[in-house]
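A closer look at the structure
What follows is each chain in one-letter form.
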Protein chains: 2
Amino acid sequence: MKTYCIQDNYPEQYCHCYGCGRKNKQGLRIKSYWDGKKATAMFTPGPHHIALPGYVYGGLLASLVDCHGIGTAASTMAEIELGQEDADLRLNRYVTASLHVDYLRPTPMGVELELVGSAIVADKRKVVVVVEIFAHGKLRVKGEVVAVPMPKSME
Amino acid sequence: MKTYCIQDNYPEQYCHCYGCGRKNKQGLRIKSYWDGKKATAMFTPGPHHIALPGYVYGGLLASLVDCHGIGTAASTMAEIELGQEDADLRLNRYVTASLHVDYLRPTPMGVELELVGSAIVADKRKVVVVVEIFAHGKLRVKGEVVAVPMPKSME
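Residues numbered from 1 in each chain as written. Chains lettered and ligands numbered in written order. Predicted model: local features only at pLDDT ≥ 70, side-chain atom pairs only at ≥ 80, totals over all residues.

**Notes on the pairing of strand 5 (residues 113-122) of chain B**
Residues and elements named next belong to chain B.
- Inspection of the sheet shows strand 3 (residues 39-43) paired to strand 5 by five bridges, in the antiparallel sense. Within the sheet, the bridge partner assigned to Met 42 lies in strand 5 and is Glu 114.
- Pairing between strand 5 and strand 6 (residues 127-135): eight bridges, direction antiparallel. Residue pairing for strand 6: Ala 119 is matched across the bridge by Val 129.
- With antiparallel pairing between neighbouring strands as the criterion, strand 5 and strand 6 make up a hairpin whose turn holds four residues. (Pairing = 2+ DSSP bridges. Helix = DSSP H or I, 4+ residues; strand = E, 2+ residues; numbered from the N terminus.)

Following this line, the structure appears as structure tokens:
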């Protein structure tokens with residue numbers, strides 16, 4: 001099964017996002033990889049992404065959940081609507097209607113984090129994605145993103 | 001009634017937060033002001049804090065909700081436990097147990113945002129804070145932070 005980078009397949013005019021835009025030089029440049037069913041991303045926070053000494057900033061973790069969740073939504077719908085063959089060619093952009101993040105355990109600094117996202121609801125109106133963040137193989141954060149197609153008014 | 005900056009009254013060892021730490025040179029340096037009942041903050045996103053062209057990144061807005069909510073929790077409890085006279089002297093640090101953000105309307109770029117936070121639950125175990133973000137006087141984002149006292153294990 002072919003794996004592809006979701007954010008590399010966003011349209012040229014919509015790839016400036018601070019969290020995951022390939023054109024945002026000051027951004028986080030999160031890269032999510034779609035395997036046909038779920039999306040995975042690896043991200044190592046910088047030393048400045050601190051909350052309290054030793055622990056990663058919750059706002060950064062929320063940002064990772066947000067971008068990875070939106071990417072998972074886009075690929076899930078491409079998979080459903082276009083099938084795997086074309087899924088890497090025409091990803092539609094989604095926006096966040098709501099974001100929920102449970103900080104289950106503190107997330108340690110200096111560790112590569114693993115994100116896994118998969119959709120639990122996927123229809124034309126909205127996609128609900130669960131994102132889990134692991135450090136040292138242990139679940140730290142569980143998030144849920146309600147993603148909706150980018151409205152015409154934002155084009 | 002005396003107004004003070006919440007983050008300027010965090011203890012020296014706990015003021016490195018990427019979102020609001022006065023010692024984090026690369027951070028956002030959010031400043032929340034407590035008036036005895038609620039906290040207010042003003043923040044102007046940078047041009048790199050973009051989502052789609054013209055609109056502010058949702059992860060940044062979640063970060064603003066997080067830090068402003070945590071600050072509101074700390075001052076709310078100081079007000080209850082110590083009274084207004086001492087509230088600017090000994091703020092305890094809180095951490096985020098969960099964060100919920102509803103993106104009600106797109107938030108335009110290039111505008112100073114106004115944040116207002118107030119507690120709807122406040123006891124020794126947890127503080128629940130509602131944070132609203134306005135742009136051009138219109139509500140854009142409504143968030144809820146569940147704040148808990150920093151556990152001993154994080155000291």
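And the narrative resumes.
**Comments concerning the relation of the copies chain B and chain A**
- The operation relating chain B to chain A is a screw motion whose rotation component is 180 degrees, with 0.0 Å of axial translation and a residual RMSD of 0.0 Å. Those values place the two copies in the arrangement expected of a two-fold rotation axis. Scanning chain B for the C-alpha nearest the rotation axis identifies His 100 of chain B, at a separation of 2.2 Å.
- A shared binding surface is used by both copies, with 100% of the interface residues of chain B retained as interface residues in chain A. (Least-squares fit on C-alpha atoms with pLDDT ≥ 70 in both. Contact = placed C-beta atoms within 7 Å.)

**Examining the interface of chain B and chain A**
- Facing the 35 residues of chain B at the interface are 35 residues of chain A.
- Residue assignment for the side of chain B that touches chain A shows that the elements contributing at least two residues are helix 1 (58-82) and strand 4 (94-103) of chain B.
- Broken down by element, the residue count for the side of chain B that touches chain A peaks at eight residues, all from strand 4 of chain B.
- Pairing between strand 4 (residues 94-103) of chain A and strand 4 of chain B: five bridges, direction antiparallel. Looking at the pairing, His 100 of chain A lines up with His 100 of chain B of strand 4 of chain B.

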